[in-house]
Amino acid sequence: MTRRVATVVWGSMLLLPFLFMGVVATARWGAARPETTAFLFWLTLAASAFNIALSRVLPPRLGPVGAGREATAFTRLVVGWALCEAAALFPLVAWIVTGDARLLGVFAVDLLALVTLFPSDARWDALAEPPRPAARSTR
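Residues numbered from 1 in each chain as written. Predicted model: local features only at pLDDT ≥ 70, side-chain atom pairs only at ≥ 80, totals over all residues. Heavy atoms only, no water.

K.L.:
Any details on the pattern of salt bridges? Residues and values, ideally.
P.N.:
This structure, assessed with the given rule, holds 3 salt bridges. A salt bridge links Arg 69 to Asp 125; the nearest nitrogen and oxygen atoms lie 3.7 Å apart. Here Asp 125 lies in helix H5 (residues 121-128) and Arg 69 lies in helix H3 (residues 69-98), a separation of 56 residues in the sequence. A relative accessible area of 41% means that Arg 69 is categorised as partly exposed. Among the charged side chains, a network of salt bridges with common partners joins Arg 69, Asp 125 and Glu 129. (Salt bridge = Lys/Arg side-chain N within 4 Å of Asp/Glu carboxyl O. Helix = DSSP H or I, 4+ residues; strand = E, 2+ residues; numbered from the N terminus. Buried < 20%, exposed > 50% of the residue type's maximum accessible area, 1.4 Å probe, protein only.)

Here it is as structure tokens:
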């Protein structure tokens, strides 16, 4: 049952950026100055890359949830999804401000990162396991 709920939450998080994109498209106002556009593009690119990387690295490192394996997998997945969704929403906000169509490409990559976090059997099982201890230095 928990896995089905996880799939529904994943689907809703995947849908939300598209709904937000509709709002953004209707609310856009004039283009920003060129220096603002360039700055926001590079900031968006960096934030997206950081959030996508964090969505892969952070969830497996989270400690187990006291409610058991299913809750642990679900919690870790939600953390990854939230990071990807945050990454996907930021380029849309920057697009409102700048009108820079390249930001829609960043949005597409961020959304693809969220799509790839589908709660498959393999991902579910991997995230239900306890975190691996960090490697110790031999110095």
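K.L.:
Account for the packing of aromatic side chains, with residues named and values stated.
P.N.:
With the rule as written, the count across this model stands at 2 aromatic pairs. With a centroid separation of 4.8 Å and an interplanar angle of 80°, the aromatic rings of Trp 10 and Phe 118 are classed as edge-to-face. You can see Trp 10 sitting in helix H1 (residues 2-27) and its partner Phe 118 sitting in the loop between helix H4 (102-115) and H5, a full 108 residues away along the chain. Residue class for Trp 10 comes out buried when judged on its relative accessible area of 12%. Classification of Phe 118 as partly exposed rests on a relative accessible area of 36%. Both rings, one in Phe 41 and one in Trp 42, keep their centres 5.0 Å apart while their planes meet at 75°; by these two values the pair is edge-to-face. The class of Trp 42 is exposed, set by a relative accessible area of 55%. Across from the ring centre of Phe 41, 3.8 Å away, lies the NZ or CZ of Arg 102, which sits over that ring. (Phe/Tyr/Trp six-rings, centres within 6.5 Å; stacked < 30°, edge-to-face > 60°. Lys NZ or Arg CZ within 6 Å of the ring centre and 35° of its normal.)

In short, geometric facts, not functional conclusions.
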